[in-house]
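# An overview of the molecular structure
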Amino acid sequence: MPVRIEVTPQDLVATRFAISPLIETMHAQWVLAGRLEAGVHGRWAARWRGAYRELERAHPVLRAAAAISGNRRGTNVAFIAPPPTAVDVPFEAELAAMRATPLEQAHAEIARALAGRPAAGEAGELLAGPRVVERFADAYEALWTRILSHDWPRLRAILQRDVAHRAGRLAAYGWAAALEDLSPQVHWRPRGQIEVELTTLHGLRRLGGKGLLFLPSAFTTAVGAYLEDAWPYAMIYPARGALAAPAAADDGLSALIGRSRARILAELAEPATTTQLAALLGQSVGTTGGHVAALRRTRLIAGTRVGRGVLYARTPLGDALVNG
């Protein structure tokens, strides 16, 4: 039976989208530990798996996490990676919030996740111990520093593009439009409810005007939710384009205008800023900016100012060149 989230007009105003480097660190751990299918991240996982095994030896709590996070039972504790309190919180701030979790709360979440099946051996001792929050914080800080921070600019660009798209649809067209392609697990019901198919949660939740926090992920293929009163109500969902291969430039187009400019045109099937394009292409902002300027001069792309930034998208001429 699915969980139903009742929303009001006030919740629409209060709902927001955010990016969480700490939650992405948790999802990356699931991939590196083999608890989540690597998919298009297979080459990335292969490159970093040796380093991850070293981290597991230095931080045994990463192995113990399998009992309470990202397992086949679908049971997850929230304190390991709580939902962020703002739209774009730095990893360090999220880690500080994690470290501030009361030990009693962490142990209560662990007990619910284990559901009467205590973890055995070293895992059980670590999870029941007085330093469990500190151990997880130290392990995730090491995982972020050693592995995920190197790829964060590219991952962040993917997530930012998704947030711009979906937040725009929610603001312009409402719940139904924002949720229609979010996931097969999520459905909008006309009576004012979001229906989410989850294995471990069911019943009715009311937002009460506080809104819902949406968190895109570049790693997960399934929807997850934070629906405990100890944390802001939040929903994790697969980011658009995150599970697809990077946009490829056509060889003929590359020969005509250059590989980098052809790749930018391919990426701009979805709008992006110069900074996001630079992260996706692995170039400096200055280099990418030069290519963007050239594409603008030839009217293959156009920019629209959004807040303090400029979003670029292909023009009909650019579409014709890419698709023709």
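The written sequence of each chain sets the order in which its residues are numbered from 1. Totals for whole chains, interfaces and linings use all residues, but because this is a predicted model, local features are given only for residues with pLDDT of at least 70 and pairs of side-chain atoms are given and counted only at 80 or more. As a convention, hydrogens and water are excluded, and side-chain values are obtained from all of the structure's heavy atoms.

## Points about the overall build of the protein chain
Helix numbering and strand numbering both begin at the N terminus, where a helix is a DSSP run of H or I of at least 4 residues and a strand a DSSP run of E of at least 2. The number of helices and strands found in the protein chain is 14 helices and ten strands. Its C-alpha atoms give the protein chain a radius of gyration of 21 Å, within 12% of the compact-globule value 20 Å for 324 residues. In terms of overall dimensions, the protein chain has a C-alpha envelope of 65 × 50 × 30 Å along the principal axes. Out of the 324 residues belonging to the protein chain, those deemed buried represent 49%. Within the protein chain, residue pairs in contact and separated by at least 24 positions form 67% of the contacts whose partners lie at least 6 positions apart. Accessible area for the protein chain stands at about 15,200 Å²; split by element, carbon and sulfur atoms hold 55% of it. Put simply, the radius of gyration uses C-alpha atoms, and a globule should come to 2.2 Å times the residue count raised to 0.38. Buried residues are those whose accessible area, probed at 1.4 Å on protein chains only, stays under 20% of the maximum for their type, while exposed residues exceed 50% and partly exposed ones sit between those limits. The contact rule is simple, with two residues in contact once any of their heavy atoms fall within 4.5 Å. Accessibility throughout is a Shrake-Rupley quantity obtained with a 1.4 Å probe, and a residue counts as covered only by protein chains that appear here.

## Quick look at the side chain of His291
As for its position among the elements, His291 is in helix 13 (residues 285-297). On the accessibility criterion, His291 (17% relative accessible area) is buried. In this structure His291 touches Ser260, Arg261, Ile264 and Gln283, once residues within four positions along its chain are discounted.

## Description of the packing of helix 2 (residues 21-32) against helix 8 (residues 132-173)
Contact geometry for helix 2 and helix 8: axes closest at 9 Å, N-to-C directions at 110°. By the angle class used here, helix 2 and helix 8 are roughly perpendicular. Of the residues in helix 8, those in contact with Pro21, Leu22, Glu24, Thr25, Met26, Ala28, Gln29 and Leu32 of helix 2 are Tyr140, Leu143, Trp144, Ile147, Leu148, Trp152 and Leu159. When residue character is reported, Ala, Val, Leu, Ile, Met, Phe, Trp, Tyr, Cys and Pro are called nonpolar, Asp, Glu, Lys and Arg charged, and the others, Gly included, polar. Class assignment for the residues of the contact of helix 2 with helix 8 results in twelve nonpolar, two polar and one charged. Think of each axis as a best-fit line through the C-alpha atoms, taken over the contacting stretch in the case of a helix, with angles from 0 to 180 degrees between the N-to-C directions. Here the angle decides the label: under 35 degrees means roughly parallel, over 145 means roughly antiparallel, 65 to 115 means roughly perpendicular, and every other value means oblique.

## A word on the environment of Ser217
Summarising the element assignment, Ser217 is placed in strand 6 (residues 213-217). Spatially, the C-alpha atoms of Ser217 and Pro21 are 9.5 Å apart, while their sequence positions differ by 196 residues. Definition of a polar contact: a pair of N or O atoms within 3.5 Å, with one able to donate and the other able to accept a hydrogen when the atoms are protein atoms, and with sequence-neighbouring residues admitted only if both atoms are side-chain atoms. A distance of 3.3 Å separates the side chain of Ser217 from the backbone nitrogen of Thr220, its partner in a polar contact.

## Some thoughts on the packing of aromatic side chains
Think of it this way: a Phe, Tyr or Trp ring, Trp meaning its six-membered ring, pairs with another when their centres are within 6.5 Å, and the plane angle makes it stacked under 30 degrees, edge-to-face over 60, tilted otherwise. What the rule picks out here adds up to nine aromatic pairs. Summarising the aromatic geometry, the rings of Phe79 and Phe136 are spaced 5.9 Å apart at their centres and angled 80° between planes, so their arrangement reads as edge-to-face. With Phe79 in the loop between helix 4 (61-64) and helix 5 (91-99) and Phe136 in helix 8, this pair connects stretches of sequence that are 57 residues apart. No difference in accessibility class separates Phe79 from Phe136, as the two residues are buried. By the ring-pair criterion, three or more aromatic residues cluster together here, those being Phe17, Trp175, Trp188, Phe214 and Tyr237.

## What to know about the confidence of the model for the protein chain
The predicted coordinates of low-pLDDT regions are not to be read in fine detail. Each residue carries a pLDDT score, the predictor's confidence in it, ranging from 0 to 100. Per-residue pLDDT for the protein chain averages 88, and the proportion of residues at 70 or more is 95%. Taken element by element, the protein chain is modelled with least confidence in helix 10 (residues 251-257), mean pLDDT 80, and with most confidence in helix 2, mean pLDDT 96.

## Details of the pairing of strand 3 (residues 186-189)
Within a regular beta strand, the side chains point alternately toward one face of the sheet and then the other, so they alternate between its two faces. Taken together, the four bridges between strand 3 and strand 4 (residues 193-196) define a ladder with antiparallel strand orientation. The residue of strand 4 that forms the bridge with Arg189 is Gln193. The criterion for strand pairing is that DSSP finds at least two bridges linking the strands in question. Between strand 3 and strand 4, which pair antiparallel one after the other, the connecting turn spans three residues, and Gly192 there sits at a positive phi close to 90°.

## Section: the sheet that holds strand 2 (residues 16-17)
Spatially, 2-6-8-7 is the arrangement adopted by the four strands of the open sheet, whose pairing is mixed. Edge strands, defined here as strands with exactly one partner in the open sheet, are strand 2 and strand 7 (224-226). Relative to strand 6, strand 2 runs parallel, the two being bridged by two bridges. If you follow Arg16 over to strand 6, its bridge partner there is Leu213. Running at roughly 45° to strand 6, helix 2 makes contact with strand 6, strand 7 and strand 8 (234-238) of the sheet.

## Considerations on the sheet that holds strand 4
Here four strands make up an open sheet; going across it, the order is 3-4-1-5 and the pairing mixed. Lying at the two open borders of the sheet, with one neighbouring strand each, are strand 3 and strand 5 (203-206). Strand after strand, the sheet turns through a mean of 25° between neighbouring axes, direction not considered.

## Some details on the nonpolar core
Working definition of a nonpolar core: buried Ala, Val, Leu, Ile, Met, Phe, Trp, Tyr and Cys residues. They are joined through side-chain atoms within 4.5 Å. Grouped together as the largest cluster of nonpolar side chains are 101 residues, with contacts concentrated most on Trp44, Ile68, Phe79, Phe136, Ile194 and Met235. Excluding anything up to four places from it in sequence, Met235 contacts Ile5, Leu182, Val186, Ile194, Val196, Leu212, Leu213, Phe214, Leu215, Val223, Gly224 and Ala225.

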